[in-house]
Amino acid sequence: MSRGMPRLPRPLMDLWDWQSQSACRDVNPELFFSPESERGVRKRAREMVAKSLCGTCPVQPECRQHALSVGEPYGVWGGTTESERDNVVLAEHRKSA
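Residues numbered from 1 in each chain as written. Predicted model: local features only at pLDDT ≥ 70, side-chain atom pairs only at ≥ 80, totals over all residues. Heavy atoms only, no water.

Naming follows an unreviewed UniProt entry, where the protein appears as Transcriptional regulator WhiB of Kribbella amoyensis. In the Function (unreviewed entry) part of its UniProt record, the protein is described as follows: "Acts as a transcriptional regulator. Probably redox-responsive. The apo- but not holo-form probably binds DNA." Word for word, the UniProt comment on the protein under Sequence similarities (unreviewed entry) is "Belongs to the WhiB family." (UniProt positions renumbered as here; feature names shortened; annotations may be inferred.)

Structure representation (structure tokens):
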């Protein structure tokens, strides 16, 4: 292959294969995504249960990195909530400034 030729994209399965190993693969997704009206104690309780499952997951780092890299705005991913991911992004932005 010449240097001027663009590389072909990786097969999609390589990008998403980590999901087949996730602890949540057979869990109702509602555990990880709050209804629009959910607030306060109920929301925190649901997030704690979701995060506890994430704590047992063999692909938690990959899941968290995916959520951060795509800017996932909703749900618990890789043991992090929306606001926790926002804080990570803000902290990284401050470091680079």
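Let's pick the thread back up.
J.: Sorry, what's going on with the overall build of the protein here?
T.: Scanning the protein from terminus to terminus reveals 4 helices and 0 strands. Counting from the amino terminus, helix and strand elements in the protein follow one another as α-α-α-α. By the burial criterion, 24% of the 97 residues in the protein qualify as buried. Of the contacts formed within the protein by residues at least 6 apart in sequence, a portion of 44% connects residues at least 24 apart. With an accessible surface of roughly 7,500 Å², the protein has 57% of that area assigned to carbon and sulfur atoms. (Helix = DSSP H or I, 4+ residues; strand = E, 2+ residues; numbered from the N terminus. Buried < 20%, exposed > 50% of the residue type's maximum accessible area, 1.4 Å probe, protein only. Contact = heavy atoms within 4.5 Å. Areas by Shrake-Rupley, 256 points an atom, 1.4 Å probe, with all protein chains shown as cover.)

J.: Can you help me understand the UniProt feature "binding site: [4Fe-4S] cluster" (unreviewed entry) in the protein in this one?
T.: In the numbering used here, UniProt assigns the feature "binding site: [4Fe-4S] cluster" (unreviewed entry) to Cys-24, Cys-54, Cys-57 and Cys-63. The greatest C-alpha distance among the residues just named is 10.8 Å, despite their covering 40 residues of sequence, which places them together in space. Here Cys-24 lies in the loop between α1 (12-16) and α2 (40-54). Those residues within four positions of Cys-24 in sequence are excluded, and the remaining contacts are Phe-32 and Leu-53.

J.: Any chance you could explain the pattern of salt bridges here in plain terms?
T.: Opposite charge on two side chains permits pairing when their charged atoms draw close. One pass over the full model with this rule turns up 2 salt bridges. Here Arg-46 and Glu-38 are joined by a salt bridge, their closest N and O atoms 2.8 Å apart. You'll find Arg-46 and Glu-38 in the same group, each marked buried. With its nearest N and O atoms 2.6 Å apart, the salt bridge here joins Lys-51 to Glu-84. Taken together, the residues Lys-51 in helix α2 and Glu-84 in helix α4 (residues 82-96) connect sequence positions 33 residues apart. (Salt bridge = Lys/Arg side-chain N within 4 Å of Asp/Glu carboxyl O.)

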